[in-house]
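Single-letter residue listing:
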Amino acid sequence: MLKRISVKYALKIVAVFTAITTIFVPIYIYTQKNLFISHQKENMSGFLVEMTESTDISDPIKLDDHIEEYNDNNYTIRIYDSSQKLIYTNRRHQKETANPYREPGGDFDKVVFANFSKDAQPKYSEENKTGNETITLQKIVSYKGKNYYIFIKERMRNLEAIFSYTNNVLVSVLAIYIIVCGLSLFLMMGRLTKSIRQLNTAVKNISNKDYSVRYKGEIPKDEVGELAVNFNDMADTIQDNINSISNYNFLLKEDINNLKKYEDMRNKFVRTTTHELKTPLAIISGQVEMMNCTTDPEKKKYYYNSVIEEIQKMSMLITGFLQYSADERETFKAEPEEINLSSKLTELCRKITGTMHSKSLNFTYDIESGISLSISEKHIEHIFNNYIMNAVKHTPKGKNVKVTLTSADSTCRLSVYNDGPKIPENQLEKIWS
């Protein structure tokens, strides 16, 4: 499929054609008359050359046949011999009149033989009396050793009126062309600005932290279309990264909370142990000093047994503290709370709908209402996000992802189904390991 022409090049083409037309038409209107006259002069010169080269100009019959065959310009033609006697004219009424220098109803063209020359060229002139315009050629031609005076004239009646009409047509065409180009630009810019406005709205929504928004308008095959596709890809990437960051943040917060708990436990353990060990240490210190001060074996034995007893008490005390500390340390331990699981999962499903749409997946959810559960809200959100992200990753475009929540007796079941490749059996044992 051919791509549409881009907006940039479409605007350039319209602008170039408009500029060329706007410049060319006035120039043509200004020069068309001169161009037409130059063209007619060239035709007249060519006609004379063809006539003198292809026929006998001294034979009126042959001249008549040639001129009737080739003269499409309605020329008035007269040929004089070297004695300046008229030997041919293509006007019948001039041949038949007694006075060949007069035409019925008007003067015959006055011939001034001094104006003839061998290198003469057609000349343009305006007849002020009649208002007509003419092109005249008066040339001396040598033929079979004799000179002949050839007079050719072309009348161009109402030339100004003709060009005035064509100029009006050209101006009208130019005006229509400019209007059509203007409307084309208006419609093109309207389509362009509509897409840009939709993209601008989508960008504002993302700046307001609504990462589920996507450009849903028509995607033209031009720069704006590429921008729309790239925007949707960017929004998908942002949504995926936000979900990943949310999971990482959850784990990080849990680690920080655990570290705080461990630190509190360590401080508490140190304080309690220090306090509890002060008494037996003081007793042991006193008994050892008494052992050094007495020589009575019985007393030394008594003091010795007393020290051993206090040491055993200290050992049991320390063992008890360590066991208590081990019992308190449980990874991701959180206090459960009664939550409306149906409402929570419905909210999470609504949040993920935008991502499913951008991935071209058919997402549905069937959440049974009224299910409550005593559980950590943070943990259930973390688990749900992991399931959904895994389903999105392994589901082909156009396939289905479905979330269901059902209850049975005193238990409930959360299920995330997706149309994708099954997990190999040899990998199943590793899922919960």
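The text that follows walks through the structure, step by step, so that each part is easy to find. Keep in mind that this is a model prediction, so the values were computed, not measured.

This part covers the overall build of the chain. If you tally the helices and strands in the chain, you get nine helices and 12 strands. Per-residue burial for the chain yields a buried fraction of 32% across its 433 residues. Long-range contacts, defined as pairs at least 24 residues apart, comprise 64% of the intrachain contacts of the chain with a sequence gap of at least 6. A total of about 28800 Å² of accessible surface is found on the chain, and carbon and sulfur atoms cover 56% of it.

This next bit is on the sheet that holds strand β5 (residues 123-126). If you walk across this open sheet you meet the five strands as β2-β1-β7-β6-β5, and the pairing is antiparallel. Every other strand in the sheet has two partners, leaving β2 (86-89) and β5 as the edge strands with one partner each. When strand polarity is set aside, the average angle formed by the axes of neighbouring strands in this sheet is 20°. Here five bridges tie strand β1 (residues 76-80) to strand β7 (residues 146-156), and the two strands are oriented antiparallel to one another. If you follow Ile 79 over to β7, its bridge partner there is Ile 150.

Quick look at the side chain of Thr 89 now. Inspection of the secondary structure assignment puts Thr 89 in strand β2. With relative accessibility at 3%, the residue Thr 89 sits in the buried group. A distance of 3.4 Å separates the side chain of Thr 89 from the backbone oxygen of Ile 77, its partner in a polar contact.

As a further point, take the sheet that holds strand β12 (residues 411-418). One open sheet accounts for three strands, arranged β9-β11-β12; its pairing is mixed. This sheet does not close on itself; its edge strands, each paired only once, are β9 (362-367) and β12. This sheet shows a mean twist of 10° between the axes of neighbouring strands, independent of strand direction. Relative to β12, strand β11 (residues 400-408) runs antiparallel, the two sharing eight bridges. Opposite Thr 406, over in β12, you have Arg 413 as the bridge partner.

Moving on, we get to a negative patch on the surface. There is a patch of like negative charges on the surface, built from Glu 50, Glu 53, Asp 65 and Glu 69. For the negative patch, the secondary-structure elements that each account for two or more residues are α1 (7-54) and α2 (60-70). As for its placement among the helices and strands, Glu 50 is situated in helix α1.

In this section: the pattern of salt bridges. On inspection of all chains with the given rule, the structure shows one salt bridge. With a shortest N-O distance of 3.7 Å, Lys 144 and Asp 56 are connected by a salt bridge. Linking Lys 144 in the loop between β6 (133-143) and β7 with Asp 56 in the loop between α1 and α2, this pair joins segments that are 88 residues apart in sequence. With relative accessibility at 64%, the residue Lys 144 sits in the exposed group. Using a relative accessible area of 14% as the deciding quantity, one classes Asp 56 as buried.

With that settled, consider the side chain of Thr 136. Within the secondary structure, Thr 136 sits in strand β6. Once you skip the residues sitting within four places of it in the chain, Thr 136 turns out to touch Met 44, Gln 121, Pro 122, Lys 123, Phe 151, Ile 152 and Lys 153.

Taken together, Val 16, Ile 20, Phe 24, Tyr 28 and Leu 35 make up a surface patch of nonpolar side chains, about 500 Å² in accessible area. The exposed category is assigned to Phe 24, whose relative accessible area is 52%.

The subject of this paragraph is the packing of aromatic side chains. Per the stated rule, a full pass over the model turns up seven aromatic pairs. For the pair Phe 113 and Phe 116, a centre-to-centre distance of 5.7 Å together with 25° between the ring planes defines the contact as stacked. Here Phe 116 falls in the buried class, since its relative accessible area comes to 6%. Members of the aromatic cluster, each reached through a chain of ring pairs, are Tyr 80, Phe 113, Phe 116 and Tyr 149.

The rules we used
Note that residues are indexed from 1 along each chain, following the sequence as it is written. Two thresholds apply to this predicted model, a pLDDT of at least 70 for residue-level local features and 80 or more for giving and counting side-chain atom pairs, whereas whole-chain, interface and lining totals are computed over all residues. Side-chain metrics rest on all non-hydrogen atoms present in the structure, leaving aside hydrogens and water. What counts as a helix is a DSSP run of H or I of at least four residues, what counts as a strand is a run of E of at least two, and both are numbered from the N terminus. Working definition: with a 1.4 Å probe on protein chains only, accessible area under 20% of the residue-type maximum means buried, over 50% means exposed, and in between means partly exposed. By the convention used here, residues are in contact when the closest approach between their heavy atoms is within 4.5 Å. The accessible surface values rely on the Shrake-Rupley method and a 1.4 Å probe; as for residues, cover is taken only from the protein chains in view. In this analysis, strands are considered paired if DSSP registers two or more bridges between them. Note on geometry: axes are C-alpha line fits, over the in-contact stretch for helices, and angles between N-to-C directions span 0 to 180 degrees. Pairs of N or O atoms within 3.5 Å make up the polar contacts considered here, provided that, within protein, one atom can donate a hydrogen while the other can accept it, and that residues adjacent in sequence are counted only when both atoms are side-chain atoms. The residues that make up patches have over 30% relative accessible area and no salt bridge, and they are joined within 9 Å when like-charged or within 5 Å when they are Val, Leu, Ile, Met, Phe, Trp or Tyr. Criterion for a salt bridge: a side-chain nitrogen of Lys or Arg within 4 Å of a carboxyl oxygen of Asp or Glu. When charges are tallied, Lys and Arg are placed among the positive residues and Asp and Glu among the negative ones, while His and the ends of the chain are skipped. Taken as the charge centre is NZ of Lys, CZ of Arg, CG of Asp or CD of Glu, depending on the residue. Note on aromatic pairs: the rings of Phe, Tyr and Trp (six-membered ring only in Trp) are paired at centre separations within 6.5 Å, and the planes decide the class, stacked below 30 degrees, edge-to-face beyond 60, tilted for the rest.

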